[in-house]
Amino acid sequence: MDKPLLSMKGISKYFNGIKVLDSVDFTLNKGEVHALMGGNGAGKSTLMKILTGVYQADEGEIYIEGNKVTIKDANDAKNNYISMIFQEFSLIPSLTVAENIFLAREPKNAIGILNDKKSIARTREILKEMEIDINPKDIVGDLGVGYWQMTEIAKALSHETKILIMDEPTSSLTEKETDVLFKIINKLKKKGISIIYISHRMDEIFRICDKITILRDGKKVATEQCNQIDMETVIQHIVGDDLDKSFEWKERYYSTEGTPVLEVKNLTSGSKVKDISFQLYSGEILGIAGLMGSGRSELARAIFGIDPINKGEIYIKGKKHTIKSPSDAVNAGIALIPEDRRLQGLILDYSVKENTILPILSKLKKGIFIDHRKANMITEKFVKRLNIKTDHIFKTAKLLSGGNQQKIVLAKWLANDPEILILDEPTIGVDIGAKTEIIDIIRELADSGKSIIVISSELQELLAVSDRILVIHEGRNVKELKRKEIHSEEVLQHAIQGH
Ligand SMILES: Nc1ncnc2c1ncn2[C@@H]1O[C@H](COP(=O)(O)OP(=O)(O)OP(=O)(O)O)[C@@H](O)[C@H]1O
Ligand SMILES: [Mg+2]
């Protein structure tokens, strides 16, 4: 039998004396798409960072085609034809696509001057092969996040690559962009390139992966062919055996009599939000459904004062409010947890605690001092409920895993206890166990009288959490559905697609 392309054996890794990888074995064959799954903080990114020379393993060996290799840095990874697309973007927004791709190793001409033409031509070639429509001369910062991702892939493929690692590549892609990515993956696979694919999205895994390996608390718990394992078993392996599968809708009671807490009338903003009207009552959870690009996030941004409102009015408890900036919105009792939490909302050099209490500092003041006992208590509470994996609450946010960083941003806004809370894709990047917890917390907040708007592209999640669902199509609200009247995901899907 052929030797596997890659074999990682007995990999262990400690951070500050804590074992985050425990004797992990991982094998990858040529042309295989291999999913790496596990809860937030399970060790997925760390294992892959060991493979790419970002970190060194404390124990264990790496073999490529049967030969033992040492990967000390990015150069060693490159020499072994390994590329990685990191969970945190590595592009420089002020540079062009071509400049980013050839950063630090631009083709130089005889006298050592940057040979721009060559890198542009080469970039064009790579993009063409990927069938992606981007101009190499475009400034990355001006492109949508989806294009950032494509640029990252092009960058990885600009080296000769045999193993391509993708760490949650779709968390910021639209559905259409995800389809494009999957096409690219299939193409690469046909060319014999092997892909290690990290994701929390179960549907994706079963769509494109051949094999799946699951880590839990730094240990490998399973490796299976995808067609020989079902979703239930995968979930069980990820969370251990204590999953509370309360991903179900619960009927809730609140009053829709009297004045709504928030009323949006004929709101128009930019080109994406057109004449939208709705009401939100105290204690209500309003879901917003629509295809990607339908204007869901833009609606949230307009209400929160990020994007200017061209027409229409916002009433809070019956009183008209002019919201021209996020601080106007905060003063009016509104909070927005944005979709791109990786770029917004978290101060990486601050600790878990400092980040969590940031919006409530004024409430924690005791005279001129901060009530640290209370601050610690609040932070501990959220760390426990959201199962944020950290040694202690004083750990710097940048040392936490990607998903755990996401959870801190959620904790931060939930702790703030706003009157009106808008959550844009609250469970992106968050593992399956914490999803249920987040849904429960949203319900609890609503039970305590808060009014909540949830935007989500995961219909199952939207159906579980919403009391009422507003369907948006091309910037307009086309339907309002009472949750009680929706019997299946299919009904909602039809409403969204408009047929
Ligand atoms: N540089 C570091 N210093 C200290 N601890 C770290 C460091 N990098 C990662 N860790 C810890 O190692 C553990 C594994 O993190 P890792 O990023 O590999 O998780 P992950 O499986 O990728 O999770 P996610 O799904 O949230 O991205 C976490 O507990 C994390 O806090
Ligand atoms: Mg990770």
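Residues numbered from 1 in each chain as written. Chains lettered and ligands numbered in written order. Predicted model: local features only at pLDDT ≥ 70, side-chain atom pairs only at ≥ 80, totals over all residues. Heavy atoms only, no water.

The name given to the protein chain in an unreviewed UniProt entry is Sugar ABC transporter ATP-binding protein, and the organism recorded there is Aeribacillus pallidus. Recorded in UniProt for the protein chain, the comment headed Subcellular location (unreviewed entry) runs: "Cell membrane". (UniProt positions renumbered as here; feature names shortened; annotations may be inferred.)

Draft legend 1. Just the domain arrangement of the protein chain, in detail. On domain assignment, one finds that the protein chain holds domain 1 (6–239) and domain 2 (262–497). Inter-centroid distance (C-alpha atoms) of domain 1 to domain 2 is 30 Å. Opposite the 17 residues of domain 1 that make contact, domain 2 presents 17 residues. Here domain 1 and domain 2 share an interface that buries about 1600 Å² over both sides, 52% of which is from carbon and sulfur atoms. At the boundary of domain 1 and domain 2, one finds 2 salt bridges. The salt bridge partner of Lys389 is Asp217, with a shortest N-O separation of 3.8 Å. (Domains from an automatic or database assignment. Contact = heavy atoms within 4.5 Å. Buried area = accessible area lost by both parts, 1.4 Å probe. Salt bridge = Lys/Arg side-chain N within 4 Å of Asp/Glu carboxyl O.)

Draft legend 2. Layout of the site of ligand 1. By nearness alone, 21 residues border ligand 1, and Gly41, Lys44, Thr46, Ser401 and Gly403 come closest of all. A distance of 2.6 Å separates an oxygen atom of ligand 1 from a polar atom in the side chain of Thr46. Considering ligand 1 on its own, with 640 Å² of exposed area, one finds that the protein chains cover 92% of that surface. Contributing elements (two or more residues each) for the shell around ligand 1: helix H1 (44–51) and helix H13 (402–416). Class assignment for the residues of the shell around ligand 1 results in 6 nonpolar, 12 polar and 3 charged. (Near = heavy atom within 4 Å. Polar contact = N/O pair within 3.5 Å; in protein donor to acceptor, adjacent residues only side chain to side chain. Areas by Shrake-Rupley, 256 points an atom, 1.4 Å probe, with all protein chains shown as cover. Helix = DSSP H or I, 4+ residues; strand = E, 2+ residues; numbered from the N terminus. Nonpolar A, V, L, I, M, F, W, Y, C, P; charged D, E, K, R; others polar.)

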